[in-house]
Amino acid sequence: MGATQRSLAGFFRLSRVALVTPLRDGMNLVAKEYVAAQDPDDPGVLILSPFAGAAYELDTAVIANPYDPDAVAEALQTALGMPLEERCERWRAMMAILGRNSIMAWRESFLGALSR
């Protein structure tokens, strides 16, 4: 891991909230990297746009429509006030999904679909 990647992972780990709100599918790796970088004992909160493909997998993230400023403000307020127990619960659920959907699992699924 290069210095830039380490720095980014460090910022992710220290961030209390990640606001990932693309207007169309995208930003999936950023959302997943944020979750993976979190401290299991004190994780931050991921806020995702429903338009991000990761929102289908990481459905325990706080979901906010980026076209609705009030919804984004409410999501930020929810995230910043979220109790530790709930943050840990959400993080564990997202990490379980990331663990099941590793690059190896994706490769097997993709190659299986190609062979069919």
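Just so we're clear, the structure is a prediction, and the values are computed from it rather than from any experiment.

What about the pattern of salt bridges?
Charged atoms that come close allow side chains of opposite charge to pair. Counted according to the given criterion, the structure contains six salt bridges. Between Asp-42 and Arg-87 there is a salt bridge, and its shortest N-O distance comes to 2.7 Å. Taken as a pair, Asp-42 in the loop between α2 (28–37) and β2 (45–48) and Arg-87 in helix α5 (residues 84–100) lie far apart in primary sequence, 45 residues in all. Overall, the relative accessible area of 33% leaves Asp-42 in the partly exposed class. For Arg-107, the salt bridge goes to Glu-108, with nearest N and O atoms at 2.9 Å. Arg-107 gets classed as partly exposed once you look at its relative accessible area, which sits at 40%. Put simply, Arg-16, Asp-42 and Arg-87 are held in one network by salt bridges that share partners.

Parameters and conventions
Residues numbered from 1 in each chain as written. Predicted model: local features only at pLDDT ≥ 70, side-chain atom pairs only at ≥ 80, totals over all residues. Heavy atoms only, no water. Salt bridge = Lys/Arg side-chain N within 4 Å of Asp/Glu carboxyl O. Helix = DSSP H or I, 4+ residues; strand = E, 2+ residues; numbered from the N terminus. Buried < 20%, exposed > 50% of the residue type's maximum accessible area, 1.4 Å probe, protein only.

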